[in-house]
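Below, each chain spelled out in residue letters.
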Amino acid sequence: MERDIYQELRERIDQYSVGMSASGSGKEIAILRRLFSEEEALVYLALSRRLEPVRSVAAKTGMSEKEAARILERMKEKGLVFPKTSRGEKYYAAAPFMHGFFEHQLYRKDPDPELPRLIEDYLTGGFFPRTRTLRTIPIRAELPDHKKVLPFDDVREIIRSKDRIGLFECACGHHLKTLGLRRCTHSGEVCIAFDFYAEYPIEEAGVGRWISQAEALNVVEYAEEQGLVHQVGGDARNVECVCNCCPDCCTILRFLKLLPNPGRVLSSNYTPGFDGEKCTACGACVKICPMKALRLDGETMVTETERCIGCGLCVSACTHGARTVLLKPDGVIRRPPSPEKYTFMRSSVDFWADLAVDGTDRR
Ligand code: SF4
Ligand code: SF4
């Protein structure tokens, strides 16, 4: 049987991060054909999630180093790999669909005008992310007692623990903008990434910029004023990003809205609270809730707890003080996942380990 390189490619990408599920319509194959030439597909199949030098890719593919380097650089320009230069040597790792080549389309100097429509058709008709992805953290102003917030649930504490902080335009908002579908008016420059996930786009693709902790804290403040949802990625060893997500633009939130129980899929340690005595049935919280967890049945408030992602937007919207978010009981608090259980964003710790030679840190 003739080798179907694009099917092989999809199956490989499906093993990474959120995967690339088969839609039944072949839309994902159309995306891959658009993104990868056949030789690029072969090189991708020789890569892994680990950073590898060009010579290793050349050895695995039987290409000369010069040829492998040429193809890998072209793949880098199309966002298909994670690139990294360490002590003058170039390294590459296979980029998943997300976080990976979907986000990297933002970096392209030669964007493909056909790709956003193909991706949007796939995202809205057949894509099913495979892993738990991000954790939602409520807007701090809305928490009943800031002092009791667990450190891993405090965006400001996370930022204060970092010294390599990058600020980027939101890839989801950019994707919708290219399709003429972005309706919101807030600044799209609200995505914060740390460590490896800040280094490679800024240093290798010239996208985004390094910012100080103070600037990052200002971005968080702005995001909260704008009603954006904090979502944090990373495992127990390292937080990789603080996404400030617009409920209308974020690819993950748009997908979750379609599910019956988004609160079970997305990790959050908060659950909705409500004081019926104070409620005037104005409907403001119902309107703002990104997950449609709230509805009014006449004057009676109905809360579908399984739909709630604990974002806190309903609390900001309620001017009558009837809504709160409450910390879940001890037994169900979710801590950041162990590395074995978290497969969404490969940890910066692991990327750095790839570059260590004989115990020497080569970052
Ligand atoms: S009810 Fe809706 S707006 Fe309120 S915290 Fe839950 S998901 Fe957010
Ligand atoms: S915003 Fe507050 S007052 Fe209005 S319906 Fe919601 S809980 Fe009731």
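Reading the values: the criteria
Residues numbered from 1 in each chain as written. Chains lettered and ligands numbered in written order. Predicted model: local features only at pLDDT ≥ 70, side-chain atom pairs only at ≥ 80, totals over all residues. Helix = DSSP H or I, 4+ residues; strand = E, 2+ residues; numbered from the N terminus. Rg over C-alpha atoms; globule rule 2.2 N^0.38 Å. Contact = placed C-beta atoms within 7 Å. Near = placed C-beta within 6 Å. Nonpolar A, V, L, I, M, F, W, Y, C, P; charged D, E, K, R; others polar. Pairing = 2+ DSSP bridges. Axes fitted to C-alpha atoms, helices over the stretch in contact; angles between N-to-C directions. Buried ≥ 20, exposed ≤ 12 C-beta atoms within 10 Å, placed from the backbone. Arc of directions from axis to C-beta. Domains from an automatic or database assignment.

Peer 1: Explanation requested: the overall build of the chain in the structure shown.
Peer 2: In terms of regular secondary structure, the chain is built from 16 helices and 13 strands. Here the C-alpha radius of gyration of the chain, 21 Å, is about what a compact globule of 363 residues would show, namely 21 Å. Residue pairs in contact within the chain that sit at least 24 positions apart in sequence constitute 73% of those at least 6 positions apart.

Peer 1: Sorry, what's going on with the site of ligand 1 here?
Peer 2: In the neighbourhood of ligand 1, 14 residues make up the surrounding shell, with Cys289, Cys308, Cys311, Leu313 and Cys314 lying closest. By residue class, the composition of the shell around ligand 1 is 12 nonpolar, 2 polar and no charged.

Peer 1: What's the story with the pairing of strand β11 (residues 294–297) in this structure? I'm lost.
Peer 2: Side chains on a regular strand alternate between the two faces of the sheet. As paired elements, β11 and strand β12 (residues 300–303) share 4 bridges and run antiparallel to each other. Paired with Asp297 across the two strands is Thr300, which belongs to β12. What sits between β11 and β12 in their antiparallel hairpin is a turn of 2 residues, with Gly298 showing a positive phi close to 65°.

Peer 1: Explain the sheet that holds strand β2 (residues 81–86) here, please?
Peer 2: One key point about sheets: their strands pair by backbone hydrogen bonds, in either a parallel or an antiparallel sense. The 3 strands lie next to each other as β1-β3-β2, forming an open sheet whose pairing is antiparallel. Edge positions in the sheet fall to β1 (52–53) and β2, since each of these pairs with one other strand and no more.

Peer 1: In this structure, what is going on with the sheet that holds strand β6 (residues 191–194)? I would like to understand it.
Peer 2: Judged by pairing direction, the sheet is antiparallel, and its 6 strands sit side by side in the order β4-β8-β9-β6-β5-β7 without closing on themselves. Of all strands in the sheet, those bounded by a partner on one side alone are β4 (135–137) and β7 (209–210). One ladder, built from 2 bridges, connects strand β5 (residues 165–168) with β7; its direction is antiparallel. Looking at β7, one finds that Gly166 is bridged to Trp210. Across the sheet, helix α10 (residues 196–205) is in contact with β5, β6, β7 and β9 (238–245); its angle to β5 comes to roughly 60°. Seen against the sheet, helix α11 (residues 213–225) touches β5, β6, β8 (229–235) and β9 and runs at an angle of roughly 40° to β5.

Peer 1: Which parts of the structure should I look at to understand the pairing of strand β3 (residues 89–94)?
Peer 2: Where β1 lies against β3, 2 bridges are found, and the strand directions are antiparallel. Across the sheet, Glu52 pairs through a bridge with Tyr92, a residue of β3. As paired elements, β2 and β3 share 6 bridges and run antiparallel to each other. If you follow Ser86 over to β3, its bridge partner there is Glu89. Adjacent in sequence and paired antiparallel, β2 and β3 are bridged by 2 residues, among which Arg87 carries a positive phi angle near 50°.

Peer 1: Help me understand helix α3 (residues 38–46), please; the structure alone is not making it clear to me.
Peer 2: For the α-helix, the turn length of 3.6 residues means that residues three or four positions removed from each other point alike. Among all positions in α3, only Glu40, Ala41, Val43 and Tyr44 are buried. The buried residues of α3 occupy an angular sector of 165° when projected down its axis, which confines them to one face.

Peer 1: Could you clarify how one ought to interpret the domain arrangement of the chain in this entry?
Peer 2: Interface size is commonly expressed as the accessible surface area that is lost when the partners come together. One can read the domain layout of the chain as domain 1 (5–122), domain 2 (135–254) and domain 3 (263–332). Computed over C-alpha atoms, the centres of domain 1 and domain 3 are 41 Å apart.

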